[in-house]
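# Geometric and topological summary
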Number of protein chains: 6
Amino acid sequence: MQENIVVQTIKRADPEVIAGLARCGVATVHEAQGRRGLLADYMRPIQQDVSVAGSAVTISGAAGDNWMMHVAIEQCQAGDIMVFAPTSPSNFGFFGDLLATSAQARGVAGLIIEGGVRDTRILREMNFPVWSKHIFAQGTIKETLGSVNVPLVCADELIHPGDIIVADDDGVVVVRREEAEEVLAEALAREAREEEKRVRMANGELGLDIYNMRPRLKEKGLKYV
Amino acid sequence: MQENIVVQTIKRADPEVIAGLARCGVATVHEAQGRRGLLADYMRPIQQDVSVAGSAVTISGAAGDNWMMHVAIEQCQAGDIMVFAPTSPSNFGFFGDLLATSAQARGVAGLIIEGGVRDTRILREMNFPVWSKHIFAQGTIKETLGSVNVPLVCADELIHPGDIIVADDDGVVVVRREEAEEVLAEALAREAREEEKRVRMANGELGLDIYNMRPRLKEKGLKYV
Amino acid sequence: MQENIVVQTIKRADPEVIAGLARCGVATVHEAQGRRGLLADYMRPIQQDVSVAGSAVTISGAAGDNWMMHVAIEQCQAGDIMVFAPTSPSNFGFFGDLLATSAQARGVAGLIIEGGVRDTRILREMNFPVWSKHIFAQGTIKETLGSVNVPLVCADELIHPGDIIVADDDGVVVVRREEAEEVLAEALAREAREEEKRVRMANGELGLDIYNMRPRLKEKGLKYV
Amino acid sequence: MQENIVVQTIKRADPEVIAGLARCGVATVHEAQGRRGLLADYMRPIQQDVSVAGSAVTISGAAGDNWMMHVAIEQCQAGDIMVFAPTSPSNFGFFGDLLATSAQARGVAGLIIEGGVRDTRILREMNFPVWSKHIFAQGTIKETLGSVNVPLVCADELIHPGDIIVADDDGVVVVRREEAEEVLAEALAREAREEEKRVRMANGELGLDIYNMRPRLKEKGLKYV
Amino acid sequence: MQENIVVQTIKRADPEVIAGLARCGVATVHEAQGRRGLLADYMRPIQQDVSVAGSAVTISGAAGDNWMMHVAIEQCQAGDIMVFAPTSPSNFGFFGDLLATSAQARGVAGLIIEGGVRDTRILREMNFPVWSKHIFAQGTIKETLGSVNVPLVCADELIHPGDIIVADDDGVVVVRREEAEEVLAEALAREAREEEKRVRMANGELGLDIYNMRPRLKEKGLKYV
Amino acid sequence: MQENIVVQTIKRADPEVIAGLARCGVATVHEAQGRRGLLADYMRPIQQDVSVAGSAVTISGAAGDNWMMHVAIEQCQAGDIMVFAPTSPSNFGFFGDLLATSAQARGVAGLIIEGGVRDTRILREMNFPVWSKHIFAQGTIKETLGSVNVPLVCADELIHPGDIIVADDDGVVVVRREEAEEVLAEALAREAREEEKRVRMANGELGLDIYNMRPRLKEKGLKYV
């Protein structure tokens, strides 16, 4: 009733747009696209102070089975981000240093995994960034087929192959490929607006005044005592 | 039935006492005041190896609404610590780099938030320390009034404005303002006692002997086999 | 009906074997012994990029009571790892800088604790590695007897005194003392096999080909579209 | 960048097919469609021993805001099941006895909500079945638009309007509308096969023999001692 | 530095007011007092379809120690509700059938406990209602003093002795004693307003029309397609 | 390195002793054996007001694989309780109505499973009691060998085949087979002692007086104000 497929051709966004989104970071991109697209907050980085963006190569596999990881790496291009979601919850270590070596050799920019990862120290030494739900050394098997480059749900969000993944210390956000340029433009505009406010705030001006909040606070009935 | 108020004048403890508590750290202060005042263990720092203390400026706001943060910053003085608790649970990112810039401009020493925080990498770069329940980029609104400098419950503990907050890698503890001096004195005494024991232990003496535990262990029936 | 005992003599594995296991790390050792022995994934290090191995000195104590820690330190030899499990769940801070000083003076290599730990910053500064379920400053008492060097369950795994504990950023694994040599041999063999694959993968060869996965994928029905 | 819409016309499956799926129950339907479609296990019924199925009317709303519930009820027909997912996590009580009265007046068969529900005792008395992530009396607001009858992610699964929801004491499963007939046929066939086995098992025959497992167990190396 | 005290005289609200609040239930009372006072959603009843209200006799005790329960029962009058919060988290079974027998003999109406309870089947048979965070048979000790009838934090809410506790299947809410009458009046008014709406909804009228939501939905931009 | 075995002969305790322990219930048995042996509090019954005891037939299987269940049933005798623990965490539905039918045909008295169960409504209708960590319909496979009647860790406790399992609404406790008679004797004695106290308490006498607590409370410094 269901077929396991590998979609070999996906559309990717413009690399410059992707790079721009990486520079903006998760919180800004999330705001810029109307506060949509955030993956669940249990997706945490295994490293600190790293920000990446890339085109999603999506991987759906069985709980405790990482076979499709190998299949997926062949479909990756430089700059892609692998996005793995098991079909049922699993904290197993689906990904470790060997797979990372292989992925990095193809230029994969990182991994988003709603499951476990292992060899985390080596992954950090390799500068291969990972956002995962679990860290666990438990080994996986290679028995059950899954699919590559199909739409899937990862950490509460629907992700299509070729969507742009942005990930940093605040978590992970997905941007629809077709909206990427527009989101970037809005994100940059937002950054510009924020920069001006940051300068004023750094000089001691208050948000109360910058955003002209006092009248509305008064109107709603806030009392200073 | 309830009013939303901003209390503009709060009493603060002596800055030297506060500085002393910061140097003692959470575990020692907690012991010194009779093992009271620890916030729940889900309050974790976003940075490592930072210890601060300051006077609590308390902020009560609605879930997913950070309006009162702006109101609160105006009430802060150099060395204060903002303490935010939503009126119902929320993992939203109530605080980010802009608010941190504003807070830091007024000399705010840190943030304790039973909710989410974002822009964590920038906050670390700014050396603005935060202890939070969540890290999440989800944006908040500015719709609902709350109160500033009222007593509130944050992470299982009742906190009054002007109470001293001590926070480090072990978590967060609150000290009543009126007890601060006494607690500091006891904490320093405790440190002195501990230092002497530390030297003996470093030289290989056992706690069993330093604390004279052997007779009581024997009396209670511990058997060496 | 139950006795509280301290077993003073336990067998330990060959130090060279233990050192070898530390070098192999948790994920490899776990694989080498047939994917057994992993402690639950909530056991997390308080430090980063540290890998240790040692002989387990096991400690069973009451919730919120760290008395047996003192008793256990006397039973430790250089290179041992203390393994503490409370008889019922407790997030209290059973272990801090004083106990660490004492343990380190005897050459203890680290602590595994299904409970809380405190003074984490100082422990890191001392290079005393800890894997714990909780970080919490809450103080403990010294009222109830427990046992030292008895078999116990820690984080889902049965651990005997003298078993080898291997711990790193991926978590904690236990190796039966009698199997340690065999496990090390298999771990080293596995490392050698992996090293060869790592080189091929780093050169861009795919796991699909290195492991000859394509025929089986086809046979199971995977479709490339 | 995003529009809030209410899709007023959706396709629904044949009521007889839906009724058939309700009779089969979650576990059987899940098996019959290749072990897909199960919502996360935190979706629990507020009542016991109730099994329902219906066409999904999907509702996407903001955290802590139940405005779209009112909008959605107008779109419901007899036998429909409301499926609500907030755009960010929220334990608020989005649904209570008033909304249930309104929904029941239109013949709504139940509610699936990745959030909180309240007035649970009255809902049980009304025989209005609910599967929720939370039970919490916290009131919601009506401020932010959402959408009705758009595809959404609820408890890890993608749900389209008109998909069939089956829910019972084991949880919740979604069946694609286009596959409903086929899934029902397979579920009924499975039930028939199981019934025959149930009789044999009730008579004391073992699964080991019914499924002829002994040779494969032996081949894999299981030892009886 | 801290004293352990038993306050023997507390003020209680009018029994008729308390009975009225019990009839209104948690969700209505919570709304009536401006959506304040809800205890955390992990406080769950061990029985179904029971609604109670009573004056809080507050009990602060150590983790794993139920000594103060015995002290507190002496302070209880008919209709009181015991409210226990440990000074640090504990899932131990602080309360069982013997204490319930004693409490019931004094007319205690129920127990709210941010900890564990045991003998739950017997408690149900006795019709002694309990809302707890945990169910766990683990036995407690009687070693450490606490206090009775002092203000305390239970499940995120500050509770004063004599405050009114309302508890039902939706959870637990606290009402300040001084506000009880006013809250009841508002709750009854709210019930009356809701009853009228319930009738209209039962007759098929929509909330969209009853609350005149359509213009505002249109103004905010909701599109029907 | 590890063998998968089925131990066909285990010792069981006297059926009368087992029946006696069932009547005493979990809390009393736990107390009677010195507060040992409680399984973790996440082991919850799928039914209410049921108390059972039986000899443990232990089953160790892989995550998401219930093959060994079939193997184990053949080893069961009337009155046994199946105890299943996966070698790594898994919420899959390892057990449903078919296996229950088979188990019940052999007289199995219940199931303890540190994993998921399904068909819970039917299991209740069959009066086949289950205590589980999860309820989840997710189907399992039959691919990997495990072992039957070996010592294993289930929900934090070490369980040997033939140990007595006692389970009721308060959770699950394990009694060592060799200690069963002694534990029962102590449990019955305890019940007798408690019965006398229950009568006194029901008549309004306080625990403060029955246990003569007042002098010790005074000595420790409790103040009545």
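Presented here is an overview of the structure given in this document. Per chain, residues are indexed from 1 in the order of the written sequence. The order in which chains are written sets their letters, starting at A; the order in which ligands are written sets their numbers, starting at 1. Restriction of local features to residues with pLDDT of at least 70 applies here, the model being predicted, together with a cutoff of 80 or more for giving and counting side-chain atom pairs; totals for whole chains, interfaces and linings are based on all residues. Excluding hydrogens and water, the side-chain values take into account all heavy atoms of the structure.

This part is about the overall build of chain A. Elements are defined by DSSP. Helices are runs of H or I of four residues or more, strands are runs of E of two residues or more, and each kind is numbered from the N terminus. When you go through chain A residue by residue, the secondary structure sums to eight helices and twelve strands. Buried positions account for 64% of the 225 residues belonging to chain A. A separation of at least 24 residues holds for 74% of the contacts in chain A among residues at least 6 apart in sequence. Working definition: with a 1.4 Å probe on protein chains only, accessible area under 20% of the residue-type maximum means buried, over 50% means exposed, and in between means partly exposed. Contacts between residues were defined by any pair of non-hydrogen atoms, one from each residue, lying within 4.5 Å.

A word on the interface of chain A and chain B. Contact residues are listed per partner, giving 38 residues for chain A and 38 residues for chain B. Summed over both partners, the interface of chain A with chain B buries about 3300 Å², with 54% contributed by carbon and sulfur atoms. Basic side-chain nitrogens of Lys or Arg form a salt bridge, by our definition, when they fall within 4 Å of a carboxyl oxygen of Asp or Glu. There are eight salt bridges connecting chain A and chain B. Its salt-bridge partner being Asp97 of chain B, residue Arg198 of chain A comes within 2.8 Å of it at the nearest N-O pair. What qualifies as a polar contact is a pair of N or O atoms within 3.5 Å, subject to a donor-acceptor requirement within protein and to the restriction that residues adjacent in sequence count only when both atoms come from side chains. Taken together, the links from chain A to chain B amount to 20 residue pairs in polar contact (both at pLDDT 80 or more). The set of elements that each furnish at least two residues to the side of chain A that touches chain B consists of helix H2 (26–32), helix H6 (180–202), helix H7 (207–210), helix H8 (214–220) and strand E12 (223–224) of chain A. Here the side of chain A that touches chain B takes six residues from H6 of chain A, the largest share from any one element. Accessible surface is computed with a 1.4 Å probe, and the buried area is the amount of it that two parts give up when combined, taken over both parts together.

Turning next to the relation of the copies chain A and chain B. It takes a turn of 120° to lay chain A on chain B, together with a shift of 0.0 Å along the axis; the resulting RMSD is 0.0 Å. Overall, the copies show the geometry of a three-fold rotation axis. Closest approach to the rotation axis within chain A is made by the C-alpha atom of Gln48 of chain A, at a distance of 6.6 Å. Only residues with pLDDT of at least 70 in both copies count here: their C-alpha atoms drive the least-squares fit that superposes the copies.

With that settled, the discussion passes to the state of the cysteines. Note on terminology: disulfide denotes any pair of cysteine sulfur atoms within 2.5 Å. A full pass over the atoms with the stated rule returns zero disulfides over all chains. For the unlinked cysteine Cys76 of chain E, the closest cysteine sulfur is that of Cys154 of chain E, found at 15 Å.

Time to look at the packing of helix H1 (residues 15–24) of chain D against helix H6 (residues 180–202) of chain D. To characterise two packed helices, one gives the angle between the axes of the helices and the distance between these axes. Residue and element names in this part refer to chain D. Interaxial angles span 0 to 180 degrees and are taken between N-to-C directions of axes, which are lines fitted to C-alpha atoms, for helices over the stretch in contact. Where H1 meets H6, the closest approach of the two axes is 10 Å, and the angle between their N-to-C directions is 35°. Helix-helix and strand crossings are classified by hand; for H1 and H6 the assignment is left-handed. Residues Glu16, Val17, Gly20, Leu21, Arg23 and Cys24 of H1 lie in contact with H6, whose contacting residues are Ala180, Glu181, Val183, Leu184, Ala187, Leu188 and Glu191. Three classes are used, and their members are as follows: Ala, Val, Leu, Ile, Met, Phe, Trp, Tyr, Cys and Pro are nonpolar, Asp, Glu, Lys and Arg are charged, and the others, Gly among them, are polar. Tallied by class, residues from the contact of H1 with H6 come to eight nonpolar, one polar and four charged. Throughout, a crossing is termed right-handed when the near helix is turned clockwise from the far one, and left-handed when it is turned anticlockwise from it by less than a right angle.

Another aspect to go through is the arrangement of the chains. Nowhere do chain A and chain E come into contact; their C-alpha atoms are at least 15 Å apart. In this assembly chain B lies apart from chain F, the nearest approach of their C-alpha atoms being 15 Å.

With that out of the way, let us pick up the interface of chain C and chain A. With 38 residues of chain C at the interface, the matching set in chain A holds 38 residues. Buried surface at the junction of chain C and chain A, summed over both partners, amounts to about 3300 Å²; 55% is from carbon and sulfur atoms. Between the two partners, chain C and chain A, sit eight salt bridges. Listing elements by their share of the side of chain C that touches chain A, those giving two or more residues are helix H2 (26–32), helix H6 (180–202), helix H7 (207–210), helix H8 (214–220) and strand E12 (223–224) of chain C. Sort the elements by how many residues they give to the side of chain C that touches chain A and H6 of chain C lands first, with six residues. Taken together, the residues of the side of chain C that touches chain A sort by class into 16 nonpolar, six polar and 16 charged. One bridge is not enough; two strands pair if DSSP finds at least two bridges between them. Across two bridges, the pairing between strand E1 (residues 5–6) of chain A and E12 of chain C is parallel.

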